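What the coordinates show
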Amino acid sequence: MRLSKMFLPTLREIPTEAETISHKLMLRAGLVRRTAAGVYSYLPMGYRVIRKIEQIVREEMNRQGGQEFLLPVLNPAELWQQTGRWDVYGDELFRLCDRQGRNYCLGPTHEEIITTIAHNEINSYRQLPQLWYQIQTKFRDEIRPRFGLMRAREFIMKDLYSFDRDEAGLHESYMKMHEGYTRAFTRAGLTFRVVEADPGAIGGKGGSHEFMVMADNGEAEILYCDGCEYGANVEKAVILPTKHEDIDFRQLAERELVYTPNCRTIEDVGLYLHHTADKAVKSVIYETEKEEYPVVLVLVRGDHQVNEIKVKNLLDCLYLSLAREEVVNQVTGADVGYAGPIGLKEKIKIIADPWVYDIIDGECGGNKTDHHWIHITPLRDFKNLDIEVADVRMAAKGEPCPRCGKTLNSARGIEVGHIFKLGTKYSESLHAIYTDEDGKEKTIAMGCYGIGIGRTMAAAIEQNYDQNGIIWPAPIAPYHVIITPISIKEPEQKQIAEEIYTRLGKAGVEVILDDRDERPGVKFKDADLIGIPLRITVSPKYLAVNKVEFKVRKTGEACLVDIDRVVDEINAFIEANMIKI
Ligand code: ATP
Ligand code: MG
């Protein structure tokens, strides 16, 4: 490709609409343009990267036995009503209506469609297992679309669905995907970790892992252990229950309700009573959609945070939001800020994190405005309350690893892939059934596996850039080589540059010739910004000795190469930089 002909609108200025490095660089390097909030157009240079990532993913899915489909974006509402997701998916679902008044949604994920195909076409155990996938545009009306392709409302995803006879088969398919994903992200040149994850809205109880590209800007917090392989999304990370010491209650003062004016927060109470936060019971009241427990009180130690995902999973509810003021007033009989488990005005469900029971001679809300209980020892004072004890708090860096006991570290990551064991959640509701050898009808066991293609591209930039621009890992670089003559007006430079360009093109190298009549500084800047792994500089100084300069974008290393050796050397460079596993 000749740069003079190419549509590559690079920007000198840092676009104000972008916050993250990858988003800024994607705009500056002319890879994408914003069309609407969370909706992007891929420009030619950006789309080449997208296609490279897709191709690596496709090859790795095929290697594991995946078969490629293309499923419709337009999903009929009836299928979503059958699985119940028409109602529960909420506002993230883009819904529309045709001229006959029939409802549809734009697929945010394709379990409904693909499971219906399995329902119609798979009858016998002989047809199983199957691994079906597609690379398709997905639509999610994200509440906060941001960071460019990282959290878009229209984005490209690879989604694969596995169909197996039973749990054991599902596990095998799951492990194949684990392997396929590991290979794909390794081949793309990314540094990543595989962590335990929460399945989220897609559901399924079997297990789930996320593939996290490590980056300081990542939206996700990961806890991991250097002592063993343990790694988990902080949403999911389990905490071992603490061992309660034997307490001699006789040594402890009886609880007492005291006046604590204007002490609504853990900090206020701590200051007023001269206690640290770990002495306080934090009481948080939530509302859910569940009829059995519309209002729930969650207790954690004052220095801990409630993990709402753990609470949601425990209660099996879809909505969990902080209780409205009037609800708090009603159940506690007090203003907001004075809730506690003792002396509630209404019977509500109470959940306590086990670490609450570590508190000895601490305090908790008095269910009376401006009052707290002091000398609270939950093992004694909460004994007669109806409390469910469960891990409902957020794990944190510095705590012991649940597997080996060493200290957990934390890091930030970008979730580029997610694998789930769905079990029979969708196959049951859509009747995807097969007949086993013994003639019995059984429900197909399913898994689903997603990779965000655009998000992977953004993540690759977050991991590979410097102050001059992007540094593409060679396997996903839009082009491998850029030839930059110092001055295209000089006949000798032009001729040599053209000659190298033709030879590389014939050898199948993906090459750009910067044949623009621009100052060398401008050309070098653009080459750095768009991040092409290798630059060949054609300059009179080197031509005098029949050489050109090779400069590696990543390391800045430069060397001189004989003009006749250029094709061989480039091939050697590409060979060395493509990740082979
Ligand atoms: P997140 O927690 O980031 O919202 P998710 O759990 O909703 O992700 P999945 O439903 O598992 O995501 O989708 C599979 C993959 O699709 C994700 O791992 C991610 O790479 C990508 N993805 C999901 N949502 C978006 C989005 N809004 N924009 C770009 N990529 C996305
Ligand atoms: Mg999401």
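The present account deals with the structure reproduced in this document.

Reading the values: rules and limits
Residues numbered from 1 in each chain as written. Chains lettered and ligands numbered in written order. Predicted model: local features only at pLDDT ≥ 70, side-chain atom pairs only at ≥ 80, totals over all residues. Heavy atoms only, no water. Helix = DSSP H or I, 4+ residues; strand = E, 2+ residues; numbered from the N terminus. Buried < 20%, exposed > 50% of the residue type's maximum accessible area, 1.4 Å probe, protein only. Contact = heavy atoms within 4.5 Å. Areas by Shrake-Rupley, 256 points an atom, 1.4 Å probe, with all protein chains shown as cover. Lys, Arg positive; Asp, Glu negative; His and termini not counted. Charge placed at Lys NZ, Arg CZ, Asp CG, Glu CD. Pairing = 2+ DSSP bridges. Axes fitted to C-alpha atoms, helices over the stretch in contact; angles between N-to-C directions. Salt bridge = Lys/Arg side-chain N within 4 Å of Asp/Glu carboxyl O. Core = buried A, V, L, I, M, F, W, Y, C linked by side-chain atoms within 4.5 Å. Patch = residues over 30% accessible without salt bridge, like charges linked within 9 Å, V, L, I, M, F, W, Y side chains within 5 Å.

**Regarding the overall build of the chain**
Helices and strands together make up the secondary structure of the chain, namely 16 helices and 31 strands. By its C-alpha atoms, the chain is 95 × 65 × 50 Å across when sized along the principal axes. Counting over 581 residues, the chain shows a buried share of 54%. Restricting to contacts in the chain with at least 6 residues of sequence separation, those with at least 24 account for 70%. Carbon together with sulfur atoms contributes 49% to the accessible area of the chain, which is approximately 26,500 Å² in total. The average position of the 74 basic charges and that of the 88 acidic charges among the side chains of the chain differ by 5 Å.

**Looking at the sheet that holds strand 13 (residues 256-259)**
Read from one edge to the other, the open sheet built from three strands follows the order 13-19-18, with strand pairing classed as antiparallel. The open sheet has two edge strands, strand 13 and strand 18 (362-365), and neither has a second partner. The average undirected angle you get between the axes of adjacent strands in this sheet is 35°. Note that strand 13 and strand 19 (residues 371-376) share four bridges and pair antiparallel. Note on strand 19: the bridge partner recorded for Tyr259 is His371.

**Let's talk about the sheet that holds strand 20 (residues 387-389)**
Strands sit in the order 16-14-15-17-20 across an open sheet of five strands; the sheet is mixed. Where the open sheet ends on each side, the last strands, each with one partner, are strand 16 (320-322) and strand 20. Taking each pair of neighbouring strands and ignoring which way they run, the sheet shows an average axis angle of 35°. Relative to strand 17 (residues 349-352), strand 15 (residues 295-301) runs parallel, the two sharing four bridges. Note on strand 17: the bridge partner recorded for Val298 is Ile351.

**Some remarks on helix 1 (residues 21-28)**
With six of eight residues buried, helix 1 is to be regarded as a mostly interior element. Every buried residue of helix 1 is accounted for by Ser22, His23, Leu25, Met26, Leu27 and Arg28. The secondary structure elements touched by the buried residues of helix 1 are strand 1 (32-36), strand 2 (39-42), helix 12 (453-463), strand 25 (465-466), strand 26 (469-470) and helix 14 (520-530). Just downstream of helix 1 lies Gly30, where phi reads positive at about 70°.

**Brief notes about the pattern of salt bridges**
By the definition in use, this model includes 46 salt bridges. With a closest N to O distance of 2.9 Å, Asp159 and Lys138 form a salt bridge. Of this pair, Asp159 sits in strand 8 (residues 154-164) while Lys138 sits in strand 7 (residues 130-139), placing them 21 residues apart in sequence. Pair check on accessibility: Asp159 and Lys138 agree, each one buried.

**What about the nonpolar core?**
Counting residues in each nonpolar core, the largest one holds 61 residues, and the members touching the most others are Leu31, Tyr181, Met457 and Trp472. With seven residues, the top contributor of residues to this core is helix 2 (residues 44-63). Residues contacting Leu31, with those up to four places away along its chain left out, are Met26, Ser41, Tyr42, Leu43, Met45, Gly46, Met457, Ile461, Ile470 and Trp472. One finds Leu71, Cys105, Trp132 and Tyr426 within the second-largest nonpolar core, a separate group that totals 26 residues.

**Concerning a negative patch on the surface**
Residues Glu289, Glu291, Glu292 and Asp316 make up a contiguous surface patch of negative charge. With respect to the helices and strands, Glu289 occurs in the loop between strand 14 (281-288) and strand 15.

**Here we look at the environment of Arg140**
Within the element layout of this structure, Arg140 appears in the loop between strand 7 and strand 8. Discounting residues that sit within four places of it in the chain, Arg140 has contacts with Tyr89, Glu92, Phe94, Pro108, Thr109, Ala152, Arg153, Phe155 and Met157.

**Comments concerning the pairing of strand 7**
Consecutive residues of a regular strand have side chains that alternate between opposite faces of the sheet. Of all 10 residues in strand 7, nine are buried, a share of seventy percent or more. Two elements, strand 3 (residues 67-68) and strand 7, share two bridges in a ladder whose sense is parallel. Paired with Gln67 across the bridge in strand 7 is Trp132. The pairing of strand 7 with strand 8 spans 10 bridges and is antiparallel. Pairing of Leu131 across the sheet is with Ser162, part of strand 8.

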